Amino acid sequence: MIKSMATVLISAALVVSAPASAHTEEHFDAIDTPHGGQMRMAGPYHLELVAQEKDIVLYVTDHGDNKVSTDGGVGKASFQVGKAKPKDSIKLEPAGDNILKGTGDFKLTPETTIVVFVKLPDQEPQSTRFTPLKPKAKASEKPQEKKPAGSTSGHEHHHMHH
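Residues numbered from 1 in each chain as written. Predicted model: local features only at pLDDT ≥ 70, side-chain atom pairs only at ≥ 80, totals over all residues. Heavy atoms only, no water.

Take the sheet that holds strand S3 (residues 55-62) next. As summarised here, the arrangement of the 8 strands in space is S1-S2-S3-S6-S5-S4-S7-S8, forming an open sheet in which the pairing is antiparallel. The sheet is open, and its two borders are formed by strand S1 (38-42) and strand S8 (126-130), each paired with just one other strand. Shown here is a sheet whose adjacent strand axes are inclined to one another by a mean of 25 degrees, direction ignored. Of the pairings in the sheet, the one linking strand S7 (residues 112-119) to S8 comprises 5 bridges and is antiparallel in character. The residue of S8 that forms the bridge with Val116 is Thr128. (Pairing = 2+ DSSP bridges. Helix = DSSP H or I, 4+ residues; strand = E, 2+ residues; numbered from the N terminus. Axes fitted to C-alpha atoms, helices over the stretch in contact; angles between N-to-C directions.)

Okay, here's the thing in structure tokens:
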């Protein structure tokens, strides 16, 4: 028992000391998710949201990407555009396996944020935010590589001959 407790403490210390661990939004946006949705972390869960026309499907896994049963759980997805208060929300219900699913009328734009709330039996409620249509940052477009406005490569000076 003592050994496993030490292991838990060491693991916890590692997580705390490495804030740039694998669970940043950038990390999730850069990986291919199992169902092609957007993945976020919420407490002990990884939540993958797949938003299709009128359907919200939420896949619940743990940090080891093992399926977490949603049996007896409840969820809610609230839709927020820009800074406005969320106006539409859809109830998410267990749909077998590790899935919470809901249907409703909603429109997604790149500005749409979906705030998802999940409560599974005997677990603390968790919530997280998704932006399903937000353009993914491409690894090749790092902002710091832009040249300063003043510098030009030789071809940009066109001499006008009159």
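So that's the structure; there's more coming.
As a further point, take the pairing of strand S4 (residues 74-81). Along a regular strand, successive side chains alternate from one face of the sheet to the other. Inspection of the sheet shows S4 paired to S7 by 8 bridges, in the antiparallel sense. Residue pairing for S7: Val74 is matched across the bridge by Lys119. Relative to strand S5 (residues 88-94), S4 runs antiparallel, the two being bridged by 5 bridges. Across the sheet, Ala77 pairs through a bridge with Ile90, a residue of S5.

Let's shift gears to the nonpolar core. Formed by 19 residues in total, the largest nonpolar core has its most connected members in Leu47, Ile56, Leu58, Leu92, Ile114 and Val116. For this core, the elements supplying multiple residues, two or more each, are strand S2 (45-52), S3, S4, S5 and S7. (Core = buried A, V, L, I, M, F, W, Y, C linked by side-chain atoms within 4.5 Å. Buried < 20%, exposed > 50% of the residue type's maximum accessible area, 1.4 Å probe, protein only.)

Here we take up the environment of Ser69. Locating Ser69 in the fold gives a position in the loop between S3 and S4. The class for Ser69 is partly exposed, based on a relative accessible area of 47%. The spacing of Ser69 and Leu120 is 51 residues in sequence and 8.4 Å in space, taken between C-alpha atoms. Ignoring anything within four residues of it in the chain, the contact list for Ser69 reads Asp97 and Leu120. At 3.2 Å, the side chain of Ser69 forms a polar contact with the backbone nitrogen of Asp71. (Contact = heavy atoms within 4.5 Å. Polar contact = N/O pair within 3.5 Å; in protein donor to acceptor, adjacent residues only side chain to side chain.)

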